[in-house]
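Residue strings, one per chain:
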Amino acid sequence: MLLDVHNLKVWFKTGDGQVNAVNGLSFSLDAHETLAIVGESGSGKSQTAFAILGLLARNGYASGSVRFKGKEILNRPAGELNRVRARQLAMVFQDPMTSLNPYMRIADQMTEVLQYHQSMSRQDALSESLRMLDAVQIPDAVSRINNYPHQFSGGMRQRVMIAMALLCRPEILIADEPTTALDMTVQRQILDLLASLRDEFGMAVILITHDMGIVAEFCESTLVMYGGRMMEAGGTETLFKSPLHPYTSGLLSAILSLDACHQDLPTIGGEPPLMTELPLGCPFHDRCDSVQSICRTTLPKMESIERRRYACHRPLAQPRNPP
């Protein structure tokens, strides 16, 4: 097991009260595995990644356990985390324009990573940066490496971010909505690129997204979050064919198909819960078509059957233990 997250909780102290972003999340990631973390905006996906990497905002706090290759890394000192980040755990952020320094040339931003983490000379770092830009298919990398971020298109900036994340050959790459705001053609290129680089470098990948279509193509395993909790997790193919949680079913129903262009797109009624005032019982009960009285008062336990996990008092199907 490469990464083991157990009972992770993330909260923020704000003027409006405590925001409970992640509430007892547990999951694991094996070497070379591709895991999707899906859910609506505000479900706790990105904050899970930030907690793992020690990148929470100043008013953010985390408890529980995050073990990388058996070593606890949650809430470790910055100096200790810096030896893990980039070298072993790296992240591609959602918006490359706000993640890249607009005042620095791409060459300076990339070589800085290698000089700091790998103690390379400037010349060696520049050569390695050029090789990585070639790997992510930046045209004319020799001249483009001296450009500033604003001189790249959105898709090219995302490629630069991926190149920077891979410079130290990390064992885990966390990609947070890497195709947001990109057109469909560029999305396809970025996903194909991530898949080829995953295979080339032998990485494990955590893909954070709300796009279930992307998950179906790219990820072996899927974890569904809502209200900061896991609703369901399992192999992607099985989960898509037979969802156990009503929330998972709702997400899958909202995937637009090519033959449904003249039909209304199904939606999940209602609104996500306020993270400052989480409801009793299942956090999804106010929006669930299968709600029972117990759902409103009692938090469902996490059940584990047939390599799947789910938290629902009334699952949509009845999974059975193997004979």
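As the structure is a computational prediction, the values presented were derived from the model and not from experiment.

Peer 1: Pulling in residues and values, what's your account of the overall build of the protein?
Peer 2: Looking only at helices and strands, the protein has 12 helices and 12 strands in total. Expected size for 323 residues packed as a compact globule is a radius of gyration near 20 Å; at 21 Å, the protein falls within 12% of this value. With respect to the principal axes defined by its C-alpha atoms, the protein has extents near 65 × 50 × 50 Å. When each of the 323 residues of the protein is scored for burial, the buried share is 49%. For the protein, the share of sequence-separated contacts (at least 6 apart) that also reach a separation of at least 24 residues comes to 63%. Surface summary for the protein: the accessible area is close to 15,900 Å², and the carbon and sulfur share equals 49%. Mean positive and mean negative side-chain charge positions of the protein (30 and 34 charges, respectively) differ by 7 Å.

Peer 1: Residues and numbers for helix H5 (residues 122–135), please.
Peer 2: For H5, which comprises 14 residues, the first-to-last C-alpha distance of 20 Å matches the rise-based estimate of 20 Å (1.5 Å per residue) to within 8%. Along H5, the residues classified as buried are Ala125, Glu128, Ser129, Met132 and Leu133. Down the axis of H5, the buried side of the element spans an arc of 140°, and every buried residue falls inside it. Facing away from the buried side of H5, by more than 90 degrees, are the exposed residues Gln123 and Arg131. Taken together, the buried residues of H5 touch helix H4 (106–117), helix H6 (141–144), helix H7 (154–166) and helix H8 (184–201). One or two positions beyond H5, positive phi appears at Gln137, with a value near 65°.

Peer 1: Describe in detail the pairing of strand S4 (residues 60–68), supporting the description with residues and values.
Peer 2: Alignment of strand S1 (residues 3–14) against S4, held across 8 bridges, turns out to be antiparallel. Pairing of Val10 across the sheet is with Ala62, part of S4. As paired elements, S4 and strand S5 (residues 71–72) share 2 bridges and run antiparallel to each other. Residue pairing in the sheet places Phe68 in a bridge with Lys71 of S5. What sits between S4 and S5 in their antiparallel hairpin is a turn of 2 residues, with Lys69 showing a positive phi close to 55°.

Peer 1: Explain the packing of H4 against H7 to me, using residue names and the numbers behind them.
Peer 2: Relative orientation and spacing of two packed helices are given, respectively, by the angle between their axes and the distance between those axes. For the pair H4 and H7, the least separation of the axes is 9 Å and the interaxial angle reads 20°. On the basis of the axis angle, H4 is roughly parallel to H7. Taken as a pair, H4 and H7 cross one another with a handedness that is right-handed. Within the contact between the two elements, H4 uses Ile106, Gln109, Met110 and Val113 and H7 uses Val160, Ala163 and Met164. Broken down by class, the residue content of the contact of H4 with H7 amounts to 6 nonpolar, 1 polar and no charged.

Peer 1: Describe the sheet that holds strand S7 (residues 172–176), naming the residues involved and giving the relevant values.
Peer 2: Strand order in the open sheet formed by 8 strands is S6-S7-S8-S3-S9-S10-S12-S11, and the pairing between neighbours is mixed. Looking at which strands have only one partner, the edges of the open sheet turn out to be strand S6 (89–92) and strand S11 (303–305). Between one strand axis and the next, the sheet turns by 20° as a mean value, whatever way the strands run. In this sheet, S7 lies alongside S6 in parallel orientation, the contact comprising 4 bridges. Along S7, the bridge assignment pairs Ala90 with Leu173.

Peer 1: Before we move on, can you summarise helix H1 (residues 45–53) with the specific residues and values?
Peer 2: Across the 9 residues that make up H1, a large majority, 7, are buried. For H1, every residue scored as buried is listed here: Lys45, Thr48, Ala49, Phe50, Ala51, Ile52 and Leu53.

Peer 1: Any chance you could break down the nonpolar core for me, citing the residues and the numbers?
Peer 2: The biggest cluster of nonpolar side chains holds 57 residues, and the ones touching the most others in it are Met110, Leu133, Val160, Ile162 and Leu173. Among the elements that make up this core, the one with the highest residue count is H7 (8 residues). In this structure, Val160 is in contact with Leu100, Ile106, Leu133, Ile138 and Phe152, ignoring residues within four places of it in sequence. Of all hydrophobic cores here, the second largest spans 37 residues; its members include Leu56, Ile73, Leu74 and Leu81.

Peer 1: Talk me through the environment of Val186; I want residue IDs and the actual numbers.
Peer 2: For Val186, the position within the fold is in helix H8. Judged by relative accessible area, Val186 falls into the buried class, the value being 18%. Taking the C-alpha atoms as reference points, Val186 and Ser46, separated by 140 residues in sequence, lie 22 Å from one another.

Peer 1: Residues and numbers for the environment of Leu191, please.
Peer 2: If you trace the backbone, Leu191 turns up in helix H8. Here Leu191 falls in the buried class, since its relative accessible area comes to 7%. When the C-alpha atoms of Leu191 and Glu217 are compared, they prove to be 9.2 Å apart, with 26 residues separating the residues in sequence. Those residues in contact with Leu191, other than ones at most four positions away along the chain, are Thr179, Ile214 and Phe218.

Conventions and cut-offs
- Sequence positions are assigned chain by chain, starting from 1 and proceeding in written order.
- Selection of residues for local features in this predicted model requires a pLDDT of at least 70, selection of side-chain atom pairs for listing and counting requires 80 or more, and totals for whole chains, interfaces and linings are taken over all residues.
- Side-chain numbers come from the whole structure's heavy atoms, not from hydrogens or water.
- Runs of E in the DSSP output that reach at least two residues are strands. Runs of H or I that reach at least four are helices, and both are numbered from the N terminus.
- Using C-alpha atoms as the atom set, the radius of gyration is obtained and then compared with a globule rule of 2.2 Å times the number of residues to the power 0.38.
- Burial classes: relative accessible area under 20% of the type maximum marks a residue as buried, over 50% as exposed, and values in between as partly exposed (1.4 Å probe, protein chains only).
- The contact criterion used is simple: two residues touch if any of their non-hydrogen atoms lie within 4.5 Å.
- Each accessible area is a Shrake-Rupley result for a 1.4 Å probe, and residues are judged covered by the shown protein chains and nothing else.
- As used throughout, the charge tally considers Lys and Arg to be positive and Asp and Glu to be negative, leaving His and the chain termini uncounted.
- A charged residue contributes its charge at one atom only: NZ of Lys, CZ of Arg, CG of Asp or CD of Glu.
- Each helix should span, by expectation, one fewer than its residue count multiplied by 1.5 Å.
- It is the directions from the helix axis to the C-beta atoms whose arc is reported.
- The pairing criterion for strands is at least two bridges between them, as found by DSSP.
- Every angle, taken between N-to-C directions, lies between 0 and 180 degrees, and every axis is a line fitted to C-alpha atoms, over only the stretch in contact when it is a helix.
- Throughout this description, any angle smaller than 35 degrees is read as roughly parallel, any larger than 145 degrees as roughly antiparallel, any in the 65 to 115 degree range as roughly perpendicular, and the remainder as oblique.
- For a crossing to be left-handed, the near helix must be turned anticlockwise from the far one by less than a right angle; the clockwise case is right-handed.
- For this classification, Asp, Glu, Lys and Arg are treated as charged, while Ala, Val, Leu, Ile, Met, Phe, Trp, Tyr, Cys and Pro are nonpolar and the rest, including Gly, are polar.
- Working definition of a nonpolar core: buried Ala, Val, Leu, Ile, Met, Phe, Trp, Tyr and Cys residues. They are joined through side-chain atoms within 4.5 Å.

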